[in-house]
Amino acid sequence: MGIIQRQTIKSTVYIYAGVIVGFITTAVIFPRVLTSAQIGVTILLGSWSSVFAQGATLGFNGATVKFFSRFRNKEKNHHGFLFLLLLVALGGFLLFLGLYYLLKPWLIATHDDSSPLFRHSIYLIIPFTFLILLFLMLDTYNRVLYNATTGTLLKELFLRLFILLGTLLFFFNLLNFNQFAAWYVGAQGGTVAMLIVFLIWQKEFNPMPDFSRLDSSLIRGMASLSLFSFLTGFSALAILRIDSIMIGSYLTEAEVGIYAMNINFATLVMLPTRALRNIAPTLIADAFNNDDLDAIGSIYQKSTITQLTVGLLLMLGLWVNTETIYAILTPEYRTGIYVVLFIGLSNVARMGGGLSDAIVGYSKHYKMNTVFNAGWLLLIVLTNLIFIPTLGITGAALASLVSVVVITVVRFWFVYRKFGMQPYRFEHLLVIVLAALTYFLISLLPTFSPFWIDFLLKGSLVVAIYGSAVYFLNVSPEINALVNSTAQRIRSLF
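A. Local environment of the overall build of the protein chain. Secondary structure assignment for the protein chain yields 20 helices and zero strands. By its C-alpha atoms, the protein chain is 70 × 55 × 50 Å across when sized along the principal axes. Taking all 494 residues of the protein chain together, the buried fraction comes to 53%. Across the protein chain, the fraction of contacts at a sequence separation of at least 24, relative to all contacts at a separation of at least 6, is 84%.

If you want it as structure tokens, here you go:
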């Protein structure tokens, strides 16, 4: 767990630094500078471009993680693997272009009445998709070189700094909205350029062809895994974006913006998982290659209790401070209060599920991840069809919660049946009880004014009650070790 701990900690620092910048941009500046409809346009552009880019990877990211160890040799430029990766990216982008022009009339017709601004900005999907695709491919390549932190730094912090700068230029009327939308897309290009410079600096950007490692058996294996990774990855991203896309189709750009703004807060719960998932899947893949199921079981068990504990802490801090959230946002965003609740709880459920998807995805049963994600996507579409017409944006959030709980249980059952891994212990139930008790006690308090006093008091109580109980009961030795080492470093400064 040494590599996981070090890179997860560094990634978490970068992510939370990005959260601060993102909070200033999306929660403080966006609602005061952009209309909810304009915010909705940026979300729709990002949603469609991300889905297209994920499809354009052709699933090769999964094959990269699984098979790169067979190419790994820095002195020989990893036997031309980067050339192969970029060649696949080019082929995927060309396929996307054909799909885009085929679907463009449908996209315009679907968003014609509810999202007129999106219709005028739809051309930006092409460069946005290309830039996201390049970043996805190069970041995966960088991660299999055991460097998960650089991509996180660029994506979570520098990308948001670029967007913040563009927002300020728009605020001071140095950009109109069309120019701001182009800047928003171009910010992704900045992260791509910086990632390429980093790889060149590391002497890892050598896109020279070398097919000496390729044979028919390896090609078949990579093609098979890429196919199922494509289906799995495409459906996984569609799951993340489908709610915004369906809200844009059923409701309006403004409601997409309100939904997205509330999700920004609920996403805070999931941030520690994003850091862990940058490095842990590579180690799980290597462990499968070495037939080390004990290491995988250890990662699985530790990931569930650590993520669940931290997820509940963040969810508590978020939900007891909703008055602070809506004191910062303009009044129209309060209609999304239950979006925060349901999306936040769905993120806690995903964190409690640990790395079961990565275990399935890099085992011999990797095809099942495609089945699971296809079922998940179908379930979320069906629940959105049921809930959005009656409950609006709250219905979309509820659909996400129901779908996440179902798929988490199904994946757990599969891993247990196939590998005999059961990561849940008494401590998992204990942290849920502690979280419920903490919320009950804090809910007895009135709302204090001004809002920042309410925020400081209730946030401190969450840490004092829940955090202290988790630490002294030693629910997660990994969390205790991190707290102790951090305290030791602080003491050494004095």
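B. Looking closely at the packing of helix α6 (residues 125-144) against helix α7 (residues 149-171). Where α6 meets α7, the closest approach of the two axes is 8 Å, and the angle between their N-to-C directions is 150°. One element, α6, and the other, α7, form an angle in the roughly antiparallel class. Here α6 contributes F135, D139 and N142 to the contact with α7, which in turn contributes T150, G151, L154 and K155. Grouping the amino acids of the contact of α6 with α7 by side-chain chemistry returns two nonpolar, three polar and two charged.

C. Geometry of unusual backbone geometry. With an omega of 0°, the peptide bond between S449 and P450 qualifies as cis. Structurally, P450 is set in the loop between α18 (426-443) and α19 (451-472). With phi around 60°, K203 is a residue other than glycine that occupies positive phi space. Classification of K203 as exposed rests on a relative accessible area of 60%. Despite not being glycine, N474 has its phi angle at roughly 55°, a positive value.

D. Region of the structure containing the pattern of salt bridges. Inspection of the entire model under this criterion finds six salt bridges. Notably, a salt bridge pairs E204 with K74, separated by 3.8 Å at the nearest N-O pair. Taken together, the residues span a long stretch of sequence, with E204 in the loop between α8 (177-201) and α9 (216-250) and K74 in the loop between α3 (60-67) and α4 (81-110) at a distance of 130 residues. A relative accessible area of 40% means that K74 is categorised as partly exposed. Here D139 makes a salt bridge to R143, at a shortest N to O gap of 3.6 Å. Of this pair, D139 and R143 are both found in helix α6, four residues apart, which corresponds to roughly one turn of the helix. Note on R143: relative accessible area 16%, which makes it buried.

E. Fine view of the nonpolar core. Ranked by internal contacts, the top residues of the largest apolar core, which has 139 residues, are F60, I125, M222, Y259 and I359. Here the element with the most residues in this core is α6; it accounts for 12 residues. When neighbours within four sequence positions are excluded, F60 is seen to be in contact with F81, L84, L85, V88, M137, M222 and S226.

F. Region of interest: the packing of aromatic side chains. A full pass over the atoms with the stated rule returns 25 aromatic pairs. Here the aromatic rings of F30 and F180 are separated by 6.3 Å at their centres, their planes lie at 75°, and the arrangement is edge-to-face. Residue F30 is located in helix α1 (residues 2-33), and its partner F180 is located in helix α8; the two are separated by 150 residues in the primary sequence. You'll find F30 and F180 in the same group, each marked buried. Residues F170 and F180 carry aromatic rings whose centres are separated by 5.7 Å and whose planes lie at 45° to one another, so their mutual orientation is tilted. With F170 in helix α7 and F180 in helix α8, this pair connects stretches of sequence that are 10 residues apart. The pair F170 / F180 is uniform in exposure class, with both members buried. An aromatic cluster of at least three residues, connected via ring pairs, comprises W48, F52, F93, F96, Y100, Y101 and F130.

G. Summary view of the confidence of the model for the protein chain. Residue-level pLDDT values for the protein chain average 84, and 91% of them are 70 or greater. At the level of individual helices and strands, the protein chain shows its lowest average pLDDT in α1, which scores 67, and its highest in α18, which scores 94.

H. How the structure looks around the environment of T152. Among the secondary structure elements, T152 is positioned in helix α7. Assessed through its relative accessible area of 5%, T152 is described here as buried. Through-space distance from the C-alpha of T152 to that of G46 is 18 Å; in sequence the pair is 106 residues apart.

I. Structural context of a nonpolar patch on the surface. Taken together, the side chains of L445, F448, F451, W452, I453, F455, L456 and L457 define a hydrophobic patch exposed on the protein surface, amounting to about 690 Å² of accessible area. Among the structural elements, F448 can be located in the loop between α18 and α19. The partly exposed category is assigned to F448, whose relative accessible area is 31%.

J. Quick peek at helix α2 (residues 36-56). Its 21 residues place the ends of α2 30 Å apart at the C-alpha level, agreeing with the 30 Å of an ideal helix rising 1.5 Å per residue. Here α2 lies mainly inside the structure; 21 of its 21 residues are buried. Positive backbone phi, at 60°, marks L58, one or two positions downstream of α2.

K. Region of the structure containing the environment of Y333. Mapped onto the secondary structure, Y333 falls in the loop between α13 (322-328) and α14 (337-352). On the basis of relative accessibility, which here comes to 0%, the residue Y333 falls in the buried class. Look past the residues within four positions of Y333 in its chain and what remains in contact with it is P31, S36, I39, G257, I258, M261, N262 and Y326.

L. Fine view of the side chain of S400. Within the fold, S400 resides in helix α17 (residues 393-419). Relative accessible area serves as the criterion here: at 7%, S400 is assigned to the buried category. Contacts of S400, omitting those with residues within four sequence positions, involve D243, Y259, I343, S346 and I380.

Calculation notes
Residues numbered from 1 in each chain as written. Predicted model: local features only at pLDDT ≥ 70, side-chain atom pairs only at ≥ 80, totals over all residues. Heavy atoms only, no water. Helix = DSSP H or I, 4+ residues; strand = E, 2+ residues; numbered from the N terminus. Buried < 20%, exposed > 50% of the residue type's maximum accessible area, 1.4 Å probe, protein only. Contact = heavy atoms within 4.5 Å. Axes fitted to C-alpha atoms, helices over the stretch in contact; angles between N-to-C directions. Parallel < 35°, antiparallel > 145°, perpendicular 65-115°, else oblique. Nonpolar A, V, L, I, M, F, W, Y, C, P; charged D, E, K, R; others polar. Salt bridge = Lys/Arg side-chain N within 4 Å of Asp/Glu carboxyl O. Core = buried A, V, L, I, M, F, W, Y, C linked by side-chain atoms within 4.5 Å. Phe/Tyr/Trp six-rings, centres within 6.5 Å; stacked < 30°, edge-to-face > 60°. pLDDT = per-residue confidence, 0-100. Patch = residues over 30% accessible without salt bridge, like charges linked within 9 Å, V, L, I, M, F, W, Y side chains within 5 Å. Areas by Shrake-Rupley, 256 points an atom, 1.4 Å probe, with all protein chains shown as cover. Expected span 1.5 Å × (residues − 1).

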